[in-house]
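Breakdown of the fold
These are the residues of each chain, in order.
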Amino acid sequence: MTVFILVAGAFTGPHVWRDTAARLTAGGAEVRTVALTGLGGPGASDGPVDLETHIADVLAVIDAVAAEPGREIVLVGHDYGIHPVYGAADRRAGAVTRIVHLDAAMVRDGVPALAAVPDQLLREEIAELAAAHGERGSGGELPPPAGDAWTRWGSTEGLSTAALDGLTALAAPQPLGTLLQPLRLTGAVAAVPVTGVLCTGNGPGVEMLQIMVDVGDPALRALADAEVAFLELATGHWPMLSCPAGLADALAGAASGGGQRLTPPDTARPPAHLRPFLLDVPERPRERTGNADLYLPDGPGPHPAVVFVHGGPVPAGARPTPRDWPTLTGYARLVAGRGAVGVTLDHRLHAVTDYGRAAADVAEAVERVRADPRVDAHRVALWFFSGGGPIMADWLAEPPRWLRCVAANYPILAPLPSWGLTGSRFHPVRTVSEAGDLPVVLVRAGRESAEIAATVEEFVAEAARCAANVEIVDVPEGRHGFETLDPTDAVRAAVLRAVDAVLDRLRGRGAAS
């Protein structure tokens with residue numbers, strides 16, 4: 001018989017699993033919910049409550065189940081709960097059939113759970129609170145969030161007002177030691193099969209993870225090599241409250257080994273982002289300066305310029321670097337053939353925490369391009385792609401007069417909740433109302449992943465509300481990265497429409513004063 005051992009996340013206890021557990025039980029499984037000390041658990045402890053305390057709580061349940069014959073244990077860790085799950089599974093690897101990450105981060109030996117808290121400011125606040133309690137926050141507690149503050153820990157998408165109120169009412173303080181004590185693993189847990197259940201209302205789905213594998217993310221490449229399976233739920237960070245039936249189905253599927261697996265890069269075929277550009281564009285003269293390449297049109301100029309800003313995150317060691325990717329070079333050569341300088345560049349968006357320095361890299365490159373005597377410094381367009389979309393927020397918020405247009409292909413236009421950037425400036429949905437009459441060309445992929453499409457639709461709705469100057473070029477057949485994935489006549493035509501729209505706006509306004 002399958003026995004699900006369910007371990008809840010920060011501030012929560014066994015009560016959150018009630019409806020999911022009932023559905024699993026009705027399906028013929030056995031369910032045990034772990035009452036973690038201090039979070040609905042035994043309460044009193046011989047000493048300060050830390051991660052080892054919670055690992056012991058999980059071990060006690062594993063040992064009780066394993067003492068009965070014929071039990072296949074599936075350990076499920078939600079959020080913080082994945083840390084005691086791994087600590088316990090590492091010590092009882094032979095007794096555990098599978099581990100399920102339920103919207104939970106990857107764990108590493110020697111790294112505390114605090115590192116997985118998405119909000120950087122929140123991590124700093126927790127560290128300061130811990131410092132007031134001595135080494136590793138001994139004996140201290142983190143008060144539970146309430147109301148909208150839950151969004152600092154994950155998306156509340158799908159939660160009714162009553163469910164959110166209930167989450168707050170039953171929340172318990174989180175012992176600081178559980179977040180600060182490093183997880184220690186011997187490596188035995190590596191033998192246990194793993195499944196991830198992704199909540200796409202909170203973070204990336206399988207499609208986005210595959211893109212990150214293709215561009216060389218080492219951690220995700222390891223998951224692909226290990227054939228880790230993934231299932232998706234279209235909800236926020238607390239699926240046991242927002243869609244318990246769907247979660248029960250997902251956990252049952254995980255227990256049977258179901259799910260979609262990431263594909264390791266095929267050495268016999270280039271990854272999607274390195275396949276040929278869908279248009280046959282002639283080569284153009286190229287000059288490399290700093291982190292930017294200029295593709296030059298005929299004639300001395302000065303010419304208008306289009307600066308193409310790649311997405312990401314892209315691992316620092318990825319080769320070739322983005323300014324040499326076929327999509328970027330294809331667009332740059334295309335606009336150069338039509339009389340504008342095409343610019344590709346590299347910026348340092350290597351993790352979602354890098355948007356500040358990536359934005360600075362872009363701004364510096366733009367000023368260097370504008371200073372080139374072959375460039376008309378008063379006629380520049382910026383064109384953003386994919387995960388570069390959040391950088392667009394700066395240019396919408398305070399558009400300089402020389403900026404004649406911004407464009408975006410299959411962009412992320414609001415930080416995903418799991419990034420911990422919801423309060424940052426990199427949020428184009430919030431800044432489009434400040435763009436004035438700045439033209440925006442939005443190229444929308446019809447077969448976009450749900451989590452990215454949601455940010456695009458949010459942007460479109462806000463642009464309509466504030467009457468922003470936005471033109472949408474739809475690519476109904478297009479996937480994320482359609483320039484190298486979908487070389488159809490319809491997609492080619494859409495690419496040319498987008499280029500025409502940008503160049504028309506680049507040339508169509510009077511010279512800036």
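These figures come from a predicted structure and were not determined experimentally. All residue numbers refer to positions counted from 1 along the written sequence of the respective chain. With pLDDT at 70 or above as the cut-off, local features in this predicted model cover only qualifying residues; side-chain atom pairs require 80 or more to be listed or tallied, and sums for whole chains, interfaces and linings still use all residues. To get the side-chain values, all heavy atoms of the structure are used, and hydrogens and water are removed first.

1. Describing the pairing of strand β10 (residues 286-289)
- As judged from the 4 bridges shared by β10 and strand β11 (residues 292-295), these two strands associate in the antiparallel manner. Directly across from R288, in β11, lies its bridge partner D293.
- Strands qualify as paired when DSSP identifies two bridges or more between them. In this description a helix means any DSSP run of H or I spanning at least four residues, a strand means any run of E spanning at least two, and both kinds are numbered starting from the N terminus. What sits between the antiparallel neighbours β10 and β11 is a turn of 2 residues, in which G290 has the positive phi angle 60°.

2. Focus on the environment of S386
- Topologically, S386 is positioned in the loop between β14 (375-385) and α13 (392-397).
- Residue classification places S386 among the buried residues on the basis of a relative accessible area of 15%.
- Considering only alpha carbons, one finds S386 and T33, 353 residues apart in sequence, at a separation of 40 Å. Burial status follows relative accessibility: with a 1.4 Å probe on protein chains alone, a residue under 20% of its type maximum counts as buried, one over 50% as exposed, and anything between as partly exposed.

3. Regarding the pattern of salt bridges
- For salt bridges, the criterion is a side-chain nitrogen of Lys or Arg within 4 Å of an Asp or Glu carboxyl oxygen. This model, assessed by the stated rule, comprises 32 salt bridges.
- A salt bridge links R505 to E471; its shortest N-O distance comes to 2.3 Å. Taken as a pair, R505 in helix α17 (residues 489-508) and E471 in strand β17 (residues 470-475) lie far apart in primary sequence, 34 residues in all.
- Residues joined in a network through salt bridges with shared partners are R286, R288, D293, R323, D324 and D346.

4. Topic: the sheet that holds strand β13 (residues 341-345)
- Pairing is mixed in the open sheet, where 8 strands are placed in the order β10-β11-β13-β12-β14-β15-β16-β17. At either margin of the open sheet sits one strand with a lone partner, and together these are β10 and β17. Direction aside, the axes of adjacent strands within the sheet are offset by 20° on average.
- Sheet analysis places β14 next to strand β15 (residues 403-409), joined by 6 bridges and oriented parallel. Paired with V380 across the two strands is L403, which belongs to β15.
- Contacts are assigned to residue pairs with any non-hydrogen atoms lying within 4.5 Å of each other. For every element, the axis is a line fit to its C-alpha atoms; helices are fit only across the contacting stretch, and the angle between N-to-C directions ranges from 0 to 180 degrees. Each of β11, β12 (303-309), β13, β14 and β15 is contacted by helix α11 (residues 326-336), which is oriented at about 165° to β13, the strand it contacts most.
- Each of β12, β14, β15, β16 (440-445) and β17 is contacted by α17, which is oriented at about 165° to β17, the strand it contacts most.

5. Topic: the nonpolar core
- Ranked by size, the top nonpolar core spans 83 residues in total, and within it Y86 and I99 carry the most contacts.
- With 7 residues, the top contributor of residues to this core is helix α2 (residues 51-66).
- In contact with I99, not counting residues within four places along its chain, are L75, I82, V85, Y86, A89, V189, V192, P193, V194 and T195.
- Nonpolar cores are built from buried Ala, Val, Leu, Ile, Met, Phe, Trp, Tyr and Cys residues. Side-chain atoms within 4.5 Å join them into one set. Judged by nonpolar contacts, the second largest core, of 48 residues, contains L296, V307, V362 and I391.

6. A closer look at the environment of R221
- Position of R221 among the secondary structure elements: in helix α8 (residues 218-225).
- Put simply, R221 and R323 are 102 residues apart on the chain and 22 Å apart in space, counted from C-alpha to C-alpha.
- With sequence-adjacent residues up to four places away left out, R221 is seen in contact with V213, P264 and P265.

7. Side note on the sheet that holds strand β2 (residues 30-33)
- What the 7 strands build is an open sheet, ordered β2-β1-β3-β4-β7-β8-β9; its pairing is mixed. One side of each edge strand has no neighbouring strand; the edge strands of this open sheet are β2 and β9 (260-261).
- Of the pairings in the sheet, the one linking strand β8 (residues 229-233) to β9 comprises 2 bridges and is antiparallel in character. When the bridges of β9 are listed, F230 appears paired with Q260.
- Each of β7 (194-199), β8 and β9 is contacted by helix α7 (residues 206-214), which is oriented at about 140° to β8, the strand it contacts most.

8. Considerations on the pairing of strand β3 (residues 72-78)
- For β3, the buried fraction is high: 6 of the 7 residues fall into the buried class.
- Looking at chain direction, strand β1 (residues 2-7) and β3 are connected through 6 bridges and run parallel. Paired with L6 across the two strands is V76, which belongs to β3.
- With 6 bridges connecting them, β3 and strand β4 (residues 96-102) associate as parallel partners. Bridge pairing links G77 to H101 in β4.
- Assignment of crossover handedness uses the view with strands pointing away from the viewer, where a clockwise path from the first strand over the helix to the second indicates a right-handed crossover. On the question of chirality, the crossover connecting β3 to the parallel β4 by way of helix α3 (residues 82-91) is right-handed.

9. With respect to the packing of helix α1 (residues 18-26) against helix α10 (residues 244-255)
- Relative to each other, α1 and α10 sit at 50°, their axes nearing to 8 Å. One way to sum up the angle between α1 and α10 is to call them oblique. Judged by the twist between their axes, the crossing of α1 over α10 is right-handed. Contacts between α1 and α10 involve D19, T20, R23 and L24 on the former and, on the latter, P244, A245, L247, A248, L251 and A252.
- The class makeup of the residues in the contact of α1 with α10 is 7 nonpolar, 1 polar and 2 charged. Throughout this description, any angle smaller than 35 degrees is read as roughly parallel, any larger than 145 degrees as roughly antiparallel, any in the 65 to 115 degree range as roughly perpendicular, and the remainder as oblique. Rotating anticlockwise by less than a right angle from the far helix to the near helix defines a left-handed crossing, while the corresponding clockwise rotation defines a right-handed one. We call Asp, Glu, Lys and Arg charged. Ala, Val, Leu, Ile, Met, Phe, Trp, Tyr, Cys and Pro are nonpolar, and the rest, Gly among them, are polar.

10. A short note on unusual backbone geometry
- Omega for the peptide link from G312 to P313 comes to 5°, which places this bond in the cis form.
- Its location among the elements puts P313 in the loop between β12 and α11.
- With omega at -5°, the peptide bond leading from R319 into P320 counts as cis.
- Of note, P320 is situated in the loop between β12 and α11.
- Even without being a glycine, D79 presents a positive backbone phi close to 55°.
- With respect to the helices, strands and loops of the structure, D79 is situated in the loop between β3 and α3.
- Under the relative-accessibility criterion, D79 is labelled buried at 18%.
- In the Ramachandran plot, A467 falls in the positive-phi region, its phi being about 55° despite a non-glycine side chain.
- Turning to its location among the elements, A467 is positioned in the loop between α15 (450-465) and β17.
- Residue class for A467 comes out exposed when judged on its relative accessible area of 63%.

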